[in-house]
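Listed below are the residues making up each chain.
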Amino acid sequence: MVVAVRRFVADEVRPSAAALEHADTYPHALVARMRELGLFGALVPSTYGGLGLDVTTYARVIEELCRGWMSLAGVINSHTMAALIVLNHGTDAQRQRFLPRFACGEARGGLALTEPHAGTDVQAIRTVAIRRGDDYIVSGSKMFITNAREGNTLALLALTDPRAEPRHRGMSCFIVEKGHPGFRVTKSVAKLGYKGVDTAELVFDECVVPAANLVGGIEGRGFKHVMGGLEAGRINIAARAVGVAQAAFDDTLTLLGRDRQDAPPVVADMATKLSAARALTYWAADMKNHGERCDLEAGMAKLFASEAAQDIAVEALRLHGEAGLLAQLNVERYYRDTPLMIIGEGTNEIQRTIIARNLVDRYGERLGALTSRDRMPEEQKQVILAVRQLVDKQVVPVAGALDAASAHPDKLVAALAELGILGASVDPAFGGFGLEPRTWAMVVEELARGSAVLATIAAAHVAAARAISVFGTAEQHERLLGPMTRGEIVVALALGAGVRAERSGNDWSLDGAIPLVAHGARATRILVAAGDTGCFLIEHDSPGMRRGAPLATLGLRGLESCAFRFEACRAASRDLLGGAPGHGGAQAALARVAARLGAAATGLGIAQAAFEAALRYSQQRMTFGKPIAQHQAVQLMLADMATRITAARLLVDDAASHADDDVRLSMAKVYASETAYQVALDAMRVHGGYGYTSEFPVERYYRDAAGLASSPTANASERRDLARRVAARGRL
C-alpha cells in the first residue's frame, strides 16, 4: 500500500500539485484516484469494504501523500475520523449503514467540532440538539471545517443537555448528512497554505437530524466519541508533519547536491529532528494498533512532529536563499503549510497543557521511562527491574554525598559487579548476561538516573568488553572476560589519536599522551588505541606509563579522570587485541561506537532524573494557593521536557537496534546529550532558587550533563560528520 501511494505521489501528485495549490483549486482528479486506491477506507475493516490497515501503515500512507502535497491528507484525515467514530462507537445498524459508504468514498466525511468562539476548548461549544419526537433539531454554527463543501456526511458534536455538569456529560455526537433541512455551508475560509482543500463555516438553522443518527444511540457520550477520534487525528497530523518535513529535507539535499555545496551542520539538526518526529509518530501509532491508551503519546507525537516540521521548513527556506521565495519552488509552500500542524487538532500550547496534566494523572511521581516497556521480553524486563531496584535502594541515597565529596563510588561499582552488570555484553559462557545493545542501553539509562558517574564507568567498561569479545583471541577471552564481569578488572578507554606503537622484539613500545581519560585514575586496565596497529589493554602499573593526578571537573565528580603519558611503555604481544597488528581502526571504532551509545544512554538517564525531580517538586511546591504544576507556564515546560526525553529515548533505541549505522548513532548521541542539558536547565527553572542550591540534585544533573557534549566525541564534530554523511547519501 505504501509503495502504491508513493508511486501515485511521484507520477500524479507532484507534477500537478503546484498549479492546483497556487490556484487554490480542489483536486477532483487526484481525490478520485485516492478513492480508487481505497484510501477513504484505510482504517475501515475489510468486513465493511475497507482496507483494514493498521494505524502505523496508515501513518506511513499519510506521510507519503504529504511528501507530495499536504492538502490531500486533509481530505482523508477528517473523513477517517468520522469513520472511526462510527466504527468504534456507533450501533450495529449505523456501522452497516455508514461504513461501507465511507470505505468506498461515496460518503465523504468530516468532523464538525470547532466553533467561532470555541477552538481547542471543546467544552465551550454552544451548538445544541433538542429532541423532538424521532428527530433532533440542531441549531448553531461550526468553523474551520475541512471537507465542508465537498464532504456530505459529517460527525457533529452538539449539546443535548446544556445544563449538565461537567459540560462534556451533556454532549452528543451525530452523523449529519447533507440534504437535511437547515444545514448549509456559508463562507469558505481563505488560508495561508493548505490550499486546494475546502475549509468553510457551517450553519445549522433548526436542522432536522433523525434520532437514528445519534452515534451509539445514547445521549451524553459524544465528547468521549470525538476525543477517541482525535487520537487518530493527532497521529495523522504528526504523520503529515513528517511528510512535509521530509519533502523540505529532500529538496535541501537536492539543492546541496546540485550546487556541490558542503552540507552545513544545520543539516544534521534537520535530519535528527525528522528522524525523531518519525519515531514518535510510529510509536504513538503502534500503541493505537495495540489498543493501548495513547492520548498522551499521540499528543507528544503531534507536538514534536509539528514543531520539527516548522523548524525544518524554515531552515530549508533559509538554505535556498532568495530562490526559496519563488513560487516556482516548493519550499515556500512548505513554509506556508507547516504552521497549520502547530494549530490543527488542538494548538500546541493547549496540547502541552493536556500532556502535562496527563503526565501528572498517569504517572504522578512514579519513576522510570515514559515509554512503555510492557511488550519487552520477560528476561530483559527482569534485568531492567533489578538495575532499577539497585539504583533506588543503593545509588540514589548516596549519589549526592559522593558528588559533594568528589568521592569515587567504589562500593557501587562492586555492587554492579555482584549483580553482573559489568558483564552486560559478555557471553554467558564467561559469566556475563550477553545483552544485546538495546537492553544494555536501557541498563545504562537506569544507572545514570541515579548516578551519571556510575553509568559512565559501566558504559566504558562494557564498551571495552564488547571490543574484546569481538576482536580478542580465545586466550584473551579466557583471561579477561571473566575477571571483567566479576569486577576484578575494571577498564577505562583511551581512544584518542595521541599514542603510537612500535615493535620492540617480541613486544611493543608505546609512546604518546592522552590529555583526559575518564575514570583513568581508578581503572585497573586502560584500553589504549595506538593508530592502525591496534588496541592494547595496559595494566595500571605498567613501566613507562604515567598517569596524572585526578583532575577536578565541572561535573561527574568522583569519576577521577586523569591524563596519561606513555614513554617507551612496554606492552606484551598478548595485550594487543586480537594478537596481531593491523586492525586498530576497526577495534577503536567498535569501542567508540559502544562508548557513544553509552553516552547517549547516560544523557537519557540524566534527563529522566531531572524531569522526575521537576515533576515531584512541581506537585509539592505551592504558589498562589495551588501546586505550581497547575500553573500553565510550568505545565508547558513539563510537557516539552517529557516530549523531548521521549524523542531522545526513541532515537537511542533506534541506534541501539542498528548498531552498524553511524548516522543513527550520531543522531542519538547528539540529541540525547543535549536533551540532558536542556531538561536539567528546565528542571532548575521549575525549582527556582532551590534548583541552584546543592540541597536539590538538579544542579548536579546540570553539571553532569555538560561533559556529554564533548565526550567520548565532540557534538560539533558529530554534527559535521552527520551532515556530510546524510548529504552524501542524498536521502534519510
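Check the entry above for the structure.
Our subject in this report is the structure included herewith. (Residues numbered from 1 in each chain as written. Predicted model: local features only at pLDDT ≥ 70, side-chain atom pairs only at ≥ 80, totals over all residues. Heavy atoms only, no water.)

Notes on the overall build of the protein chain
Item 1. Helix and strand content of the protein chain: 20 helices and 16 strands.
Item 2. Its C-alpha atoms give the protein chain a radius of gyration of 29 Å, near enough to 27 Å, the size a compact globule of 732 residues would have.
Item 3. For the protein chain, the spread of C-alpha atoms along the principal axes amounts to about 100 × 60 × 45 Å.
Item 4. Sequence-distant contacts, at least 24 apart, represent 75% of the contacts inside the protein chain between residues at least 6 apart.
Item 5. Taking the 81 positively charged and 80 negatively charged side chains of the protein chain as two groups, their mean positions are separated by 2 Å. (Helix = DSSP H or I, 4+ residues; strand = E, 2+ residues; numbered from the N terminus. Rg over C-alpha atoms; globule rule 2.2 N^0.38 Å. Contact = heavy atoms within 4.5 Å. Lys, Arg positive; Asp, Glu negative; His and termini not counted. Charge placed at Lys NZ, Arg CZ, Asp CG, Glu CD.)

Observations concerning the environment of P15
Item 1. The residue P15 is located in helix α1 (residues 2-23) in this model.
Item 2. On the basis of relative accessibility, which here comes to 60%, the residue P15 falls in the exposed class.
Item 3. Distance from P15 to G68, taken between C-alpha atoms, is 9.1 Å for residues 53 residues apart in sequence.
Item 4. Those residues within four positions of P15 in sequence are excluded, and the remaining contacts are V9 and A10. (Buried < 20%, exposed > 50% of the residue type's maximum accessible area, 1.4 Å probe, protein only.)

A few points about helix α4 (residues 71-89)
Side chains of residues three or four places apart in an α-helix project in the same direction, reflecting 3.6 residues per turn.
Item 1. The terminal C-alpha atoms of α4, which comprises 19 residues, lie 28 Å apart, in line with the 27 Å expected from a rise of 1.5 Å per residue.
Item 2. Taken across its 19 residues, α4 has 17 buried, putting it largely inside the fold. (Expected span 1.5 Å × (residues − 1).)

A few points about the pattern of salt bridges
Item 1. Evaluation of the coordinates by the stated rule reveals 47 salt bridges.
Item 2. Of the charged contacts, one joins D661 and R664 as a salt bridge, the two residues approaching to 2.7 Å between their closest N and O atoms.
Item 3. On the basis of relative accessible area, D661 is assigned to the buried category, the value being 13%.
Item 4. Classification of R664 as partly exposed rests on a relative accessible area of 28%.
Item 5. When the shortest N-O distance is used, the salt bridge between R719 and E674 registers 2.8 Å. Residue R719 is located in helix α20 (residues 715-729), and its partner E674 is located in helix α18 (residues 662-687); the two are separated by 45 residues in the primary sequence.
Item 6. When salt bridges that share partners are traced, they join R388, D392, E446, R449 and E612 into one network. (Salt bridge = Lys/Arg side-chain N within 4 Å of Asp/Glu carboxyl O.)

Overview of unusual backbone geometry
Item 1. Following E165, the chain continues to P166 via a peptide bond in cis, the omega torsion being -5°.
Item 2. Here P166 lies in the loop between β4 (153-159) and β5 (171-177).
Item 3. Between S711 and P712 the backbone carries a cis peptide bond, its omega angle lying at 0°.
Item 4. Inspection of the secondary structure assignment puts P712 in the loop between α19 (698-706) and α20.
Item 5. Positive phi is not limited to glycine here, since F144 has a value of about 60°.

Points about the packing of α4 against helix α6 (residues 222-259)
Item 1. Look at α4 against α6: their axes get within 9 Å of each other, and the N-to-C directions meet at 150°. Taken together, the axes of α4 and α6 lie roughly antiparallel to each other. Seen from above, α4 lies across α6 with right-handed handedness. Contacts between α4 and α6 involve A73, G74, N77, M81, L84, I85 and H89 from the first element and K224, H225, V226, G229, L230, A232, G233, N236, I237 and R240 from the second.
Item 2. Of the residues contributing to the contact of α4 with α6, the split by class is eight nonpolar, seven polar and two charged. (Axes fitted to C-alpha atoms, helices over the stretch in contact; angles between N-to-C directions. Parallel < 35°, antiparallel > 145°, perpendicular 65-115°, else oblique. Left-handed = near helix turned anticlockwise from the far one by under 90°. Nonpolar A, V, L, I, M, F, W, Y, C, P; charged D, E, K, R; others polar.)

Some remarks on the sheet that holds strand β8 (residues 491-494)
Within a sheet, each strand pairs with its neighbour through backbone hydrogen bonds, oriented either parallel or antiparallel.
Item 1. Across the sheet, three strands lie side by side as β8-β11-β12; this open sheet has mixed pairing. Among the strands making up the open sheet, the edge pair consists of β8 and β12 (534-539). Averaged over all neighbouring strand pairs, the angle between strand axes comes to 25°, with direction disregarded.
Item 2. When β8 meets strand β11 (residues 525-530), the two strands line up parallel, connected through four bridges. Within β11, the residue paired with A494 across the bridge is V528.
Item 3. Together, β8, β11 and β12 form the strand contacts of helix α14 (residues 452-471), whose direction differs from that of β8 by roughly 80°.
Item 4. Packing of helix α16 (residues 584-620) onto the sheet brings it into contact with β8, β11 and β12, and relative to β12 it is tilted by some 70°. (Pairing = 2+ DSSP bridges.)

Re the side chain of Q94
Item 1. You can see Q94 is positioned in helix α5 (residues 92-104).
Item 2. Q94 gets classed as buried once you look at its relative accessible area, which sits at 6%.
Item 3. When sequence neighbours within four positions are dropped, the list of residues in contact with Q94 reads V86, L99, A212, N213, L214, V215 and G216.

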